[in-house]
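Observations on the three-dimensional arrangement
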Amino acid sequence: MNKFCKNKKREKIFAKNTLLMFFILSFFPNLSSGQTSYILGKYKINPTEQKIWVSDFFSETINGGGHAWGEKYIIDSTINYNNTTLFLIGNQFIFKEYISKNGHFPPQLDFNSLKVINIDVEEYGGSLCRDKNFLYRNSIGIEQQSKWESISLYGYKTINDFVYQKDNDLYFLSQDFELKKIENLKLDVSTLVKVMGNYFTDKNGLYLLGGYSTREFKAEKTETGLVIYRKEWESFFHNESIQLEKKNKRTQTTPIIKTDYFIYNAKVYSPRSSNSHLPLPLNSKEIVELEIKNNSYANYTTNFLADNEHTFVTISEKGGYGTLEARYGNQWFVENIFFEKNVNQWEVISRGDLGIFKGKDGNLYFPNQLKQTNKDNYAGIVVHKQKEFYDFELNENSTLTKFDKVFIFNFDIKEYEELDLTQFRYLYENFWIYKNRLYMYSSGVGLPIKELIDNTNLYPITHHDKKTNFLINKNSLVYIGKFGGISTLGEGLNTVQVFGNRIISNVDFSSLKVITTDVLKDDENIYIGNHNGISVIPIKSLGLNIKILTE
């Protein structure tokens, strides 16, 4: 999340500049004519006049000196309003007339049969799509479009989006975006489905397709007859697909799928770990996954996965769980019992993103207008365990410090009070809820949100167990992404943050779908998160043929 400026002049400059940026998605009422126009991507659309304008960047010298630049709209006569189609793929709007002019799209791409398979950029190195003739990989959910890679499906019969048949052979779409032949296994095609990465299940068990690696010296035979050879200093890669487990008819074997691991037959697998064909030595009934550290600039979160006896940590921005030693080497917290045992009993108060600071009295404090966080008093990660609070950072220069008390500012009584954990909930990066009031940390200060909503049932909207930039409760949709500045009201201890257009109601939650982290849709509207809040685009009111590509 971006850092926020409190300088009002800078806020005004930012607001002006954002109106000049390309691909800003917002909604503007045309007050002079009583009509309504919509800005979608680079297009300005007026449904009443049935006219479409296309943005164009200008830069010119002003008479008398000076220079002007910005964005202007030019009427487009090549788009027939009644016969065109507007496509929404990821966060990109494009009319069919402009597809051939867009250098990012491959020439063979058939938009009429195109479907989105998976928008998870981390799992496959890009989002997955397919049309009737090709599979595609591209990062459709981010601002900067990358090159589209493709795989021809000529001669293949589609079993499902991840399994294909050619002649008498089966192929699967691997994590490295290849169609790989499945050998040495007899699979039930009618029930064969992808779980995560190269893991698949059918009615008979769990499989790892396309090969696996083994390490550390040992020889053992699994229940399916697989012999594993491992050496400490050497890694062996085996090309064959293998069955990892047979279905247990006495237990529920439907996989429980999370972001970086899944559970099958009560065993925990993490596909991106080094020995991913072996389950992690974790008790699935005891495990807890904790978001420990926020890496704002690297755009990923460090998670811990732990039971009573073991702790594993995500090994990179691509996920996957490994040991603390594999991730951090011999740093001070590796083989420290506090980080190795009973980590599942931790309660994370802050991932280093709420501005909690160390007071001169030896206690921890949440920041407010009077007590602000700075580089000298910053506390970092704060967790609670067995009635005590601990502060640390996951780096070589940190130490583990114990605190007896944490104090939090209660806006409703305008005083600090000892933290009541039963009334506190970490919500999202830079956000927390205390006594049913939503707070946000920005630039050294934690302020309450002015708008009162039901925070008891306020949670992030997730897709494939990953958070989007939207929050939701029974009545409201809240957007907390793309902050470029903040709006405040009041002075001193009465200062609050104003969310304004970042909170809307009257959303059809029953039909709400995720398109990207910043774009949602229901049966009536498209909801686009941007610097100005949530733009609501009424689908039917546009009077256009619109094709929205979602999973």
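Residues numbered from 1 in each chain as written. Predicted model: local features only at pLDDT ≥ 70, side-chain atom pairs only at ≥ 80, totals over all residues. Heavy atoms only, no water.

1. Remarks on the sheet that holds strand 32 (residues 357–358)
Inclusion rule: DSSP bridges decide pairing: two strands pair if at least two such bridges lie between them. Helix and strand assignments come from DSSP, with helices taken as H or I runs of at least 4 residues and strands as E runs of at least 2, each series counted from the N terminus.
The strand order 32-33-37-38 describes an open sheet built from four strands, whose pairing is mixed. With partners counted over all chains shown, the strands left at the sheet margins are strand 32 and strand 38 (415–418), one partner each. Pairing of strand 32 with strand 33 (residues 364–365) involves two bridges; the strand directions are antiparallel. Looking at strand 33, one finds that K358 is bridged to L364.

2. Observations concerning the confidence of the model for the protein chain
One rule of thumb: low pLDDT means the predicted coordinates there are not for detailed reading. What counts here: Every residue gets a pLDDT, meaning the predictor's confidence in that residue, from 0 to 100. Residues count as neighbours in contact if any of their non-hydrogen atoms are within 4.5 Å of one another.
The predicted model of the protein chain averages 84 in pLDDT, with 86% of residues at 70 or higher. With pLDDT under 50 throughout, residues 1–35 is counted as low confidence; its partners more than four residues away or in other chains account for 73 contacts. Note on residues 229–234: pLDDT is under 50 here. Beyond four places in sequence and across chains, it has 23 contacts.

3. Quick word on empty space enclosed by the protein
In plain terms, the rule: For each structure, a 1 Å grid was placed over the protein atoms alone; sets of points admitting a 1.4 Å probe that cannot get out are labelled cavities, open sets with protein on both sides within 12 Å along at least five of seven lines are labelled pockets, and lining residues have an atom within 4 Å of a point. Grid points are joined across faces, edges and corners, and a volume is the space filled by probe spheres set on the points. Residues are grouped as follows: Ala, Val, Leu, Ile, Met, Phe, Trp, Tyr, Cys and Pro are nonpolar; Asp, Glu, Lys and Arg are charged; all remaining types, including Gly, are polar.
One pass over the structure, following the stated rule, counts two cavities of 30 Å³ or more. In this structure, the largest cavity spans a volume of roughly 50 Å³. In terms of lining, the largest cavity is formed by N368, Q369, F409, F411, G446, L447, P448, L493 and T495. When its residues are assigned to classes, the lining of the largest cavity shows five nonpolar, four polar and no charged.

4. Quick notes on the nonpolar core
Threshold: What is meant by a nonpolar core is a set of buried Ala, Val, Leu, Ile, Met, Phe, Trp, Tyr and Cys residues, joined one to another through side-chain atoms within 4.5 Å. Categorising residues by exposure relies on relative accessible area from a 1.4 Å probe, with only protein chains included: less than 20% of the type maximum marks a residue as buried, more than 50% marks it as exposed, and the intermediate range marks it as partly exposed.
By size, the foremost hydrophobic cluster in this structure holds 48 residues, and its most contacted members are I45, F95, F111, L477 and I526. Among the elements that take part in this core, strand 6 (residues 85–89) stands out by supplying four residues, more than any other. If sequence neighbours within four positions are ignored, I526 has contacts with L88, F93, V519, L520, K521, S535, V536, I537, I539 and I548.

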